[in-house]
Amino acid sequence: MIKTRFTELFGVEHPVAQGGMQWVGRAELVAAVANAGGLGFITALTQPTPEDLYKEIRRTREMTDRPFGVNLTILPAIKPPPYAEYRAAIIESGVKAVETAGYKPEEHINDFKKHGVKVIHKCTAVRHAVSAQRMGADAISIDGFECAGHPGEDDIPGLVLIPAAAEKITVPMIASGGFADGRGLAAALALGADGINMGTRFMATKEAPIHEKIKEQLVARDERATQLIFRTMRNTARVAKNAVSDEVVAKEKEGAKFEDIRHLVAGARGKMVYETGDPDYGIWTAGMVQGLIRDIPTCQELISRIVAEAEEIIRGRLAQLVQ
Ligand SMILES: Cc1cc2nc3c(=O)[nH]c(=O)nc-3n(C[C@H](O)[C@H](O)[C@H](O)COP(=O)(O)O)c2cc1C
């Protein structure tokens, strides 16, 4: 057992979280993570309406009686989703943990806190972590440049970002981006974090609700198999490198505007990747940590293995180095 401020705060057995994942963070995966003693987050915006989110939370409860949370990703949008209604669905369902991510979380943090929901804010810069802490976030998830999804524009990898954040953050903090195994968990703890958050690694588990062929891709591909899109628009996203991401990056180099690539990056096409198993159907998300994924275990096997390996490293190899 590894007990940290994170496990105490969220009442979970292991210091391992499964962050929000568009199209992937559904009841099956979140319940499996919860049953394995980790903290899983349903991705709110994967559900087309707040009413669907209610149902997804109910469906998760049918599969687990352990704690789980919901991710609320705050995107800058011309026509934003009905955030207040998604928030209400979370609060009224009695969910006690939320992972916020993205822009200006204050209004959301205030409302969740008022209703006794613990908020872990995920961000990619020390200054954003500090301001989320000031806004009252109960915990921070600090996401290094290695991560899948939005790494921000500063390009600071975890090896520097995590200890730099740990110097400033007093609430429990977990490290995110590039984690897949017990070596990573031991390293995160050494760098000052209270646990780890994983995205890509959880896609390659038996319970992840995506096509088997995509899981096999994650095992087959290496750490170079990602690409940064939307760099020219200062909205960088790390995605799985494929024919479509190559085209997007080539078009961006030629000066393309969002309108010119909209048809390539459409969310509906990305969703089809996970449904059809065709890795070139659209843009899909995965991190550099693909280079550390060797199998497709259950969430129970994965989390138990990570914790056992970290314990062995800390008690065994590291302890023996100290004379
Ligand atoms: C398929 C996929 C979809 C993701 N979608 C979201 C999302 O909607 N909101 C969010 O906050 N993070 C999202 N993320 C980021 C993860 O929550 C997590 O921060 C990230 O995957 C950590 O890096 P790792 O993949 O190296 O573990 C996504 C990640 C993946 C792999």
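Let me sum up the structure you'll find in this document. (Residues numbered from 1 in each chain as written. Predicted model: local features only at pLDDT ≥ 70, side-chain atom pairs only at ≥ 80, totals over all residues.)

### Overview of the overall build of the protein
- Secondary structure summary: the protein contains 14 helices and 10 strands in total.
- Here the C-alpha atoms of the protein give a radius of gyration of 19 Å, agreeing with the 20 Å that 2.2 N^0.38 yields for 323 residues.
- Looking at the protein residue by residue over its 323 residues, the buried ones come to 48%.
- Sequence separation of at least 24 residues holds for 63% of the intrachain contacts in the protein that already meet a minimum separation of 6. (Helix = DSSP H or I, 4+ residues; strand = E, 2+ residues; numbered from the N terminus. Rg over C-alpha atoms; globule rule 2.2 N^0.38 Å. Buried ≥ 20, exposed ≤ 12 C-beta atoms within 10 Å, placed from the backbone. Contact = placed C-beta atoms within 7 Å.)

### Regarding the site of the ligand
- The full set close to the ligand counts 29 residues, and Gly19, Ala101, Gly199, Thr200 and Gly287 are the nearest of them.
- Every element with two or more residues in the shell around the ligand is listed here: β3 (69-74), β8 (196-198) and α9 (200-203).
- Examining the composition of the shell around the ligand, we find that 3 residues originate from one element, α9, more than from any other.
- The residue makeup of the shell around the ligand, split by class, is 10 nonpolar, 15 polar and 4 charged. (Near = placed C-beta within 6 Å. Nonpolar A, V, L, I, M, F, W, Y, C, P; charged D, E, K, R; others polar.)

### What about the sheet that holds strand β4 (residues 97-102)?
- Strand order in the closed barrel formed by 8 strands is β1-β2-β3-β4-β5-β6-β7-β8, with parallel pairing between adjacent strands. Averaged over neighbouring strand pairs, the angle between their axes works out to 25° when direction is ignored.
- Relative to β3, strand β2 (residues 39-43) is paired through 3 bridges, and the arrangement is parallel. Residue pairing in the sheet places isoleucine 42 in a bridge with valine 70 of β3. (Pairing = 2+ DSSP bridges. Axes fitted to C-alpha atoms, helices over the stretch in contact; angles between N-to-C directions.)

### Some words on the environment of methionine 173
- Residue position: methionine 173 is located in strand β7 (residues 173-176).
- Methionine 173 sits 32 residues away from serine 141 along the chain, and the two C-alpha atoms are 5.6 Å apart.
- Those residues in contact with methionine 173 that lie beyond four places of it in its chain are Ala139, Ile140, Ile142, Ala165, Ala166, Ala193 and Asp194.

### Here's the deal with the pairing of strand β5 (residues 118-123)
- The element β5 is extensively covered by neighbouring structure, given that 5 of its 6 residues are classed as buried.
- Pairing of β4 with β5, which is carried by 5 bridges, proceeds in the parallel orientation. Following the sheet pairing, threonine 100 is matched in β5 by histidine 121.
- Handedness of the β-α-β unit built from β4, helix α5 (residues 106-114) and β5 comes out right-handed.
- By the bridge criterion, 4 bridges tie β5 to strand β6 (residues 139-143) in an arrangement that is parallel. Looking across to β6, one finds that isoleucine 120 is bridged to alanine 139. (Right-handed = clockwise from strand over helix to strand, strands pointing away.)

Everything listed here is a matter of geometry and, on its own, says nothing about what the molecule does.
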